Amino acid sequence: MTKNSYDAEAIEVLSGLDPVRKRPGMYTDTSNPNHLIQEVLDNSVDEALSGYCSNIKITLQKDGSIKVTDNGRGMPVDIHPEHKVSGVELILCKLHAGAKFSGDDYNFSGGLHGVGVSVVNALSENLEVRVKRDSKEHQIIFSNGDKVSELKEIGEVGLRNTGTSITFKPNPDYFENIEIQVKALKHLLKAKAVLCPGLTIEFSNEKKSNDKEKWYFEDGLKSYLVESAEGSELVLEESITCSKQGDVQELEFAINWSQRPPKNKLDETYVNLIPTVQGGSHLNGFKSGLLDSIKEFCDYRNLLPKGLKINADDVINNAIFIVSSKLQNPQFAGQTKERLDSKDHMTFVSNTTKDTFSIWLNTHTEEGEKIAELAIISAQTRAKVSNIVERKKTFKGPALPGKLSDCNSQDLNETEIFLVEGDSAGGSAKQARERSFQAIMPLRGKILNTWDLESSEIIKSQEIKNLSTAIGVLPGNSDISSLRYGKICILADADSDGLHIATLLCALFLRHYKSLVQEGRIYISMPPLYRIDCGKDVLYALDDAQREEIVSSFKGKKGKPKINIQRFKGLGEMNPSQLRETVMDPATRQLVQLSISSSDNANSMMDLLLSKKNASARKEWLEKKGSLAKI
């Protein structure tokens, strides 16, 4: 029951690593442990960025553990004046504990939230830290985030022999695949060395005796670009490079173009040496600067055909580039730091890129015209195929439904449409979505029961007609080449009415869009029915059983914390942040794929549930076995 009064007694401070163990997907990539290695590596790289570290070693050990060693200053081992524990224990055991918030100890750093290495500790079966500093070597050991051995001195070292060594073994309970993706790891290590000139990074795989590599670059970006573009016919003999330092931010980039879209397209972006695979404000600023420069160049030299407009994608369509930003207090979209959201930095990058590229274009006019020609060809090709895009969007006539909030991308590998129950929930979903790849289509109540109907009949329903127009495929059509979204997600309330709507939509797709089901394009979102608060600890439950399980786990906590339970009447009652976290964010949501196989009795079950011809059999089944049905 929800507590009516709200007083100071209800306020608790969340401590320890339980939040990480309960919701690991909020803190790291749980597909494999590579991101854990990156978190530890980033701490060492931050030391290198500040000039205190010149060598980092990464070892994949035979027992499945990973060892990361650097020759930086070494984690603090003295006692923290407020928390009364050693610095190293505080860093490993407390979320949001670190030396990078103020910027006093690190000018530019990747570890910003004081979360990364404590997440590694929480999700590791065992973790050992060895610190060399002040002529002594110290050791502390943890297991599943809990300290099992106090910090102690284990030897003496030379005064200049400093650094930190962290050895950890990821707990397989938290990962879909416990194997390290070695190829991806090596790519990351090489990129780190490229972006931090003078840093040596060594890799060793003890499972394969000959699997050892070392990377060191004095002048990294340009050589890295050329090496990555091997096999591509580059337009420029000398890549365009830039290195600009501001008071609190820096930008470095290298770019070249290929005569044809490169086979191995290099389009990497980094912030404080952290790879931002989803780009963000630095990438947007880079593209904006390139576009402004090339448009001015084309206008001045009358290169653009009349009526043709080029965009940023036309400019970088054949480009290979690497962008490295450094800034104080960068704002990332989440703990995994895959996208930068620092708006001010976008202006810095855009202006710097435009200035650099404009000067280059006006001093290399012949090569500049070649780049402009590639952009013009891309724009002309885009214009020619616009009728195909229009066909995908409109079925050769009807406009997209007015209630559809479309996404920007047209890549089926990332696009998603959510079929949402009601305008209220649709409004929240629009605020919660990621506009770049998620579209929202509100539906009005329960759709037509289409199980017994022909495809030619159901298209007469306005709701089904709108839905068909939105997804780009007509009912009964086995040709799905005009499909507009890679994932079609049914998002209805978690109550019985919502389940009824979800069932009707599943029936629609099973009967009239079987090709989409067979291709694995249809998903059912699993919104929570309850929110359970215990102090600052918040969990969601899909049903009554999960609610009771969570409540029981909370009751076992020390101090008998107060538990508040909120039952959602519908999706419209959830605020956008709750909706984003529970059903829309790919890192934390639950999606169930609608699938069928030859051994399924799906058709007979749907006949029983929905066919008008089976009303008597349905009534008999409900009377005898209705209570056994599982949601």
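Keep in mind the model is a prediction, meaning the values are calculated, not measured.

K.L.:
How should the overall build of the protein chain be read in this particular structure?
P.N.:
When its secondary structure is counted, the protein chain shows 20 helices and 21 strands. Looking at the 631 residues of the protein chain, the share that counts as buried comes to 48%. Here the contacts in the protein chain between residues at least 6 apart in sequence split such that 68% fall between residues at least 24 apart. When the accessible surface of the protein chain is split by element, carbon and sulfur atoms take 46% of a total near 31,300 Å².

K.L.:
Just checking my understanding: could you explain the side chain of T167 for this structure?
P.N.:
Relative to the helices and strands, T167 resides in strand β6 (residues 163–170). Taking relative accessible area as the criterion, T167 reaches 13% and is therefore assigned buried. Dropping the residues within four chain positions of it, T167 is found in contact with Q61, S65, I66, K67, N126, L127 and E128.

K.L.:
Mind showing me how you'd approach helix α12 (residues 423–432) here?
P.N.:
For an α-helix, the turn length of 3.6 residues means that residues three or four places apart are oriented alike. Turning to α12, its buried residues are A425, G426, S428, A429 and A432. The buried residues of α12 occupy an angular sector of 165° when the element is viewed end-on, so they sit on one face. In α12, the exposed residues that point more than 90 degrees away from the buried face are S424 and Q431. Contact partners of the buried residues in α12: β14 (416–421), β15 (438–443) and α18 (576–584).

K.L.:
Help me out: how do you make sense of the pairing of β6 in this one?
P.N.:
On a regular strand, each side chain points to the face opposite its neighbour's, so the side chains alternate between the two faces of the sheet. The buried fraction of β6 amounts to seven of the eight residues, a majority that puts the element mostly inside the structure. Bridging between strand β2 (residues 66–70) and β6 involves five bridges; their strand directions are antiparallel. Bridge pairing links K67 to T167 in β6. By the bridge criterion, eight bridges tie strand β3 (residues 124–133) to β6 in an arrangement that is antiparallel. Residue pairing across strands places N126 opposite K169, the latter belonging to β6.

K.L.:
Please clarify how the sheet that holds strand β12 (residues 274–275) should be interpreted in this entry.
P.N.:
One key point about sheets: their strands pair by backbone hydrogen bonds, in either a parallel or an antiparallel sense. Spatial ordering of the open sheet is given by β9-β10-β13-β11-β12, a layout of five strands whose pairing is mixed. Either end of the sheet is taken by a strand with one partner, and the two such strands are β9 (240–245) and β12. Pairing analysis gives six bridges linking β9 to strand β10 (residues 249–257), with the strands arranged antiparallel. Note that in β10 the partner of I240 across the bridge is I255. Most of the contacts of helix α5 (residues 182–195) go to strand β11 (residues 267–271), to which it runs at about 65°, and overall it touches β11, β12 and β13 (319–327).

K.L.:
Can you help me understand the confidence of the model for the protein chain in this one?
P.N.:
Caution applies to low-pLDDT parts of the model: their predicted coordinates are not meant to be read in detail. Here the protein chain shows a mean pLDDT of 82. Residues at 70 or above account for 89%. Per-residue pLDDT stays below 50 along residues 10–14; that stretch engages in 10 contacts with residues further than four places along the chain or on separate chains. Confidence drops under a pLDDT of 50 for residues 387–397, and excluding neighbours within four residues, the segment shows 18 contacts in the predicted structure.

K.L.:
For this particular structure, what's the right way to read the nonpolar core?
P.N.:
The nonpolar side chains of a soluble globular protein tend to be buried with one another. Among the nonpolar cores identified, the biggest contains 58 residues, and I56, I58, V129 and F168 are the most heavily contacted of them. Here this core gets seven residues from one element, more than from any other, and that element is α5. Among all residues touching V129, those that are not within four sequence positions of it are M75, V88, L92, H138, Q139, I140, T164, S165 and I166.

K.L.:
What is the right way to look at the sheet that holds β3 in this model?
P.N.:
If you trace the eight strands from one edge of the open sheet to the other, you get β5-β4-β3-β6-β2-β1-β7-β8, paired in mixed fashion. Because the sheet does not close on itself, it has two edges, and the strands there are β5 (146–156) and β8 (212–215). Adjacent strand axes in the sheet meet at a mean angle of 10°, parallel and antiparallel pairs treated alike. On top of the sheet, α5 reaches β1 (55–60), β7 (200–205) and β8; it is set at about 165° to β7, its chief contact.

K.L.:
Explain the side chain of S258 to me, please; I cannot follow it from the model alone.
P.N.:
Turning to its location among the elements, S258 is positioned in the loop between β10 and β11. Residue classification places S258 among the buried positions, given a relative accessible area of 4%. Those residues in contact with S258 that lie beyond four places of it in its chain are S232, E233, L234, V235, N318 and L374.

K.L.:
In this structure, what is going on with the pairing of β2? I would like to understand it.
P.N.:
Of the two faces of β2, the one holding I66, V68 and D70 is buried and the one holding K67 and T69 is not buried anywhere. Note: β1 against β2, five bridges, orientation antiparallel. By the bridge assignment for β2, K57 is matched with T69.

Rules used in this analysis
Residues numbered from 1 in each chain as written. Predicted model: local features only at pLDDT ≥ 70, side-chain atom pairs only at ≥ 80, totals over all residues. Heavy atoms only, no water. Helix = DSSP H or I, 4+ residues; strand = E, 2+ residues; numbered from the N terminus. Buried < 20%, exposed > 50% of the residue type's maximum accessible area, 1.4 Å probe, protein only. Contact = heavy atoms within 4.5 Å. Areas by Shrake-Rupley, 256 points an atom, 1.4 Å probe, with all protein chains shown as cover. Arc of directions from axis to C-beta. Pairing = 2+ DSSP bridges. Axes fitted to C-alpha atoms, helices over the stretch in contact; angles between N-to-C directions. pLDDT = per-residue confidence, 0-100. Core = buried A, V, L, I, M, F, W, Y, C linked by side-chain atoms within 4.5 Å.

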